[in-house]
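# Coordinate inspection notes
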Amino acid sequence: KIDKICDSYGATKYRLPEQVPQQDEIVKQVDDRLKDLGMVLDKTRDYRRGKLEEIVNKVDGWMLHVQREKAVFHTLNMFNYDVTHKCLIAEGWCPTDDMDSVRAALRQGTIRSGATVQTVLNQVKTRETAPTFFRNAKIAQGTQSIVDAYGMARYQEFNPAVFSVITFPFLFGVMFGDVGHGFMMALGGLLLCLYEKKLAYLANDEMFGTLYKGRYNILLMGIFATYSGFIYNELFAVPMEIFGKTAWCSGEMVEDEHCMNTLGYEPGEAMQKWVRTNMGDAWSNMDGSTGKEVVWDVYPFGTDPGWAHTSNKLNSVNSFKMKFAIVAGVVQMVAGVCCKLMNTLYFKDDLTMYFVYIPEMVFINSIFGYLVLLILIKWTTNWDTTYVLNNEQVVTIPQRYCMDDLSNSPCWTPPYWYNRETVPGYGSQLALLPESMWCMKNGVATAGCALYKLKLDNNQEQIIVEGNTFGTGELLDATLFNGKDCKAMGADHCALWKQSPPSLLDSLIKMFMEIGFVPIENQIIPGQGGLQVFLILIAFFSVPVLLFPKPFILKARHEATQHQQLHDGDDDDGHAPGGGGHGGHGEFEFGEEMVHQMIHTIEYVLGCISNTASYLRLWALSLAHAQLSEVFWEKTVVEIGLEGGDSFMLFVCITAWACFTVGVLMGMESLSAFLHALRLHWVEFMNKFYHGDGYKFIPFSFDNLQAVLGDE
């Protein structure tokens, strides 16, 4: 019964002797066999291990050889076989500059192979669109990869990487500006560049490979971040005095003789702040005016460290960064439109140049280029010498102090001189003027009041002195103080007051809300109202020029082509002409072209507004980076470490600060700035001219086997 069960399950049966000695003998035989088998297995394992150790260094070479063989046969499979001539025919693309090198390689291959038939290379004319190929230096390959990720350029289309290789790290540096953080990044990029050959074997790693392939980008981003850090004057959020002392004085600088000897300094006011100046050289209490113009000291390079830890630091820094973001954005967008001009000139596309490029350039510059112009003028204007005369015109009065005979007017009255009647030389003339003509009120002394001589209709001169507009708006009333009444009725209707820097945001809004009208206090350039009307008009008319002419001209060209083809067909005994379409190729749909141009026009007009606002991310990211860096330093090292007085706690705080700096700022914040710079180039810059619908030229190369085999 047991035998039947074993047979049914296919079991192997072994006979076991009944005597114990025989059983022990069988066990011993089995043990001996196991030992023999174990010895054989050990010998086999040692032999295999030895063989594998011998070939372990050859595997990579074998794999490379197999891949190369596979690439060769993969490429040969694309050849066509000519049965008649019994030869292989290959069609492919080759850079024009490399034709001689290809011919030389084919001749060398023929000689080495011992072939009796010479390889023939002919240039074939085709209507197929050629692939795109750029010869990039190593420093530009990372940027080219960024551009190609957006889309491959059309054949012979302008390559955005020409500009982006510099503008990309520059915009990154604007957002990541700090000397310490930029130096760390530049140092990391420099090490990757110096040891690029030794680190090349790690390029296939997904994480490290990304850093390795972008090593030159990292180096440039670090350099520009360091440069921006010098502009912001921040080293791990700590201000520096590398280029000299601050141009600001304060009552606490008791050891600074220049500050302590400044005219008007009151020792009792420790919190008083003023800018260093040569006022002592321009005015002497003993000799009066020297005729020299007062010059306010300016910090040699970057932001003055005196702004650090002041209550209005953010107001000053934000004003600069916001305006610079607008300037950088408009300049880059205009550069993008200029790239469209390069494409149109190369392809000889006059239609696009006249009815797309020109109206686009006119529109963006008439509004946002004008805004940039106002920003630059506001930056370069000395608002301490800019005044409004009789609520009608803006005049410049240099800050030089008046001689006793007023021979150097326009000029300024003596500094910190409370009583105008006692001014040497012309105090009696000042005493006859209305009380409103004196800028020092309520015991508050200033560096002087501006004085201007106005020629009247009777060829006489009327002295007008700066008034104080704070707390009263009478001097701003043009119905009471104006040029006509000033010349006709005398000093009581004359006014001179200092113009404050106007708000550019208000100026831009009122440019459209109050067309043609610019209040004198907001005027930056003469004739600003009329100029704004002209700019609005040309911006308005550029929109229909961008929208309508191109589709209708394309339609007229298409109809002319069809008419010519029909005429040629009649001359050829009535044979039907070939396919129509724009330029004689393909179909032309006027409605489709009109819709396309309409979408482009709307996208461009609205994009100019949204893209300009998008560049404010330069200011926002820079502000966030600076504030995070300052918080990490102040809250860890300063407040807990330094103020605690414990050496061990200071070490712990510095360690924590270093971890925050590397992990948050160098890691997360740098990635954020990189992505924002990427968006500014892909969307705000490249969409002004870049089509990106081409395909990449992939040459046969053993150095790029994955691309050849199609494994990418």
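Up top is the structure.
Residues numbered from 1 in each chain as written. Predicted model: local features only at pLDDT ≥ 70, side-chain atom pairs only at ≥ 80, totals over all residues. Heavy atoms only, no water.

Let us now look at the pattern of salt bridges. This structure, assessed with the given rule, holds twelve salt bridges. Linking Glu54 and Lys51 is a salt bridge whose minimum nitrogen-to-oxygen distance equals 4.0 Å. Within this pair, Glu54 and its partner Lys51 are both found in helix H2 (residues 20-55), separated by three residues, close to a single helical turn. Its relative accessible area of 52% is what places Glu54 among the exposed residues. By relative accessible area, which is 38% here, Lys51 ends up partly exposed. Linking Asp100 and Arg103 is a salt bridge whose minimum nitrogen-to-oxygen distance equals 3.8 Å. In this pair, Asp100 and Arg103 both sit in helix H4 (residues 99-113), three residues apart, roughly one turn of the helix. We classify Asp100 as exposed; its relative accessible area is 59%. The exposure class of Arg103 is partly exposed, given its relative accessible area of 32%. Through salt bridges with shared partners, a single network forms among Lys138, Glu196 and Arg215. (Salt bridge = Lys/Arg side-chain N within 4 Å of Asp/Glu carboxyl O. Helix = DSSP H or I, 4+ residues; strand = E, 2+ residues; numbered from the N terminus. Buried < 20%, exposed > 50% of the residue type's maximum accessible area, 1.4 Å probe, protein only.)

As a further point, take the side chain of Lys378. Among the secondary structure elements, Lys378 is positioned in helix H13 (residues 350-380). Asp506 provides the closest opposite charge to the buried, unpaired Lys378, separated from it by 9.2 Å. Setting aside anything within four residues of it in sequence, one finds Lys378 in contact with Lys323, Trp383, Pro501, Pro502, Ser503 and Leu504. (Lys, Arg positive; Asp, Glu negative; His and termini not counted. Contact = heavy atoms within 4.5 Å.)

Turning next to the packing of helix H7 (residues 179-194) against helix H21 (residues 647-685). For any two helices packed against each other, the geometry comes down to the angle between their axes and how far apart the axes lie. Put simply, H7 and H21 touch, their axes get as near as 12 Å, and they point 75 degrees apart. On the basis of the axis angle, H7 is roughly perpendicular to H21. For the pair formed by H7 and H21, the contact residues are His181, Met184 and Met185 on the first element and Thr661, Val662, Leu665, Met666 and Ser670 on the second. The residue makeup of the contact of H7 with H21, split by class, is five nonpolar, three polar and no charged. (Axes fitted to C-alpha atoms, helices over the stretch in contact; angles between N-to-C directions. Parallel < 35°, antiparallel > 145°, perpendicular 65-115°, else oblique. Nonpolar A, V, L, I, M, F, W, Y, C, P; charged D, E, K, R; others polar.)

On to the sheet that holds strand S9 (residues 411-412), then. The antiparallel open sheet is built from three strands, whose spatial order is S9-S10-S11. Each of the sheet's edge strands pairs with one partner strand only, and the pair in question is S9 and strand S11 (461-465). Relative to strand S10 (residues 450-455), S9 runs antiparallel, the two sharing two bridges. Its bridge partner lying in S10, Cys411 is registered against Leu451. (Pairing = 2+ DSSP bridges.)

Okay, the pairing of strand S7 (residues 386-389) next. The alternating pattern of S7 places Thr386 and Val388 and Tyr387 and Leu389 on opposite faces, both of which are buried. Relative to strand S8 (residues 393-396), S7 runs antiparallel, the two sharing four bridges. Looking at S8, one finds that Leu389 is bridged to Gln393. Between S7 and S8, which follow one another and run antiparallel, lie three residues, and Asn390 among them has a positive phi close to 55 degrees. With three bridges joining them, S7 and strand S12 (residues 496-498) adopt antiparallel strand pairing. The residue of S12 that forms the bridge with Leu389 is Leu496.

Glancing now at the sheet that holds S7. Read from one edge of the open sheet, three strands run S8-S7-S12, paired in antiparallel fashion. Looking along the sheet, the strands with just one partner apiece sit at the ends: S8 and S12. Across the sheet, the mean angle separating the axes of adjacent strands is 35 degrees when strand polarity is ignored.

In this section: empty space enclosed by the protein. All chains considered together, the criterion is met by five cavities of 30 Å³ or more. Considering the residues around the largest cavity, the lining is formed by Glu234, Ala237, Lys313, Leu314, Val317, Lys321, Ala626, Gln627 and Glu630. Elements that contribute at least two residues to the lining of the largest cavity include exactly helix H12 (313-347) and helix H20 (617-642). With four residues, H12 is the single largest residue contributor to the lining of the largest cavity. Considering only residue class, the lining of the largest cavity consists of four nonpolar, one polar and four charged. Here the second largest cavity is characterised by a volume of approximately 60 Å³. If you trace the second largest cavity, you find it lined by Asp506, Ser507, Lys510, Met511, Phe517, Val518, Pro519, Asn522, Gln528 and Gln532. Among the secondary structure elements, those contributing two or more residues to the lining of the second largest cavity are helix H16 (504-513) and helix H17 (528-547). Here the lining of the second largest cavity gets four residues from one element, more than from any other, and that element is H16. Along the lines of polarity and charge, the residues of the lining of the second largest cavity split into four nonpolar, four polar and two charged. (1 Å grid on protein atoms, 1.4 Å probe; cavity = no way out; pocket = protein on both sides within 12 Å on 5 of 7 lines; lining within 4 Å. Points joined across faces, edges and corners; volume = space filled by probe spheres on them.)

Worth remembering: the numbers are spatial, not functional.
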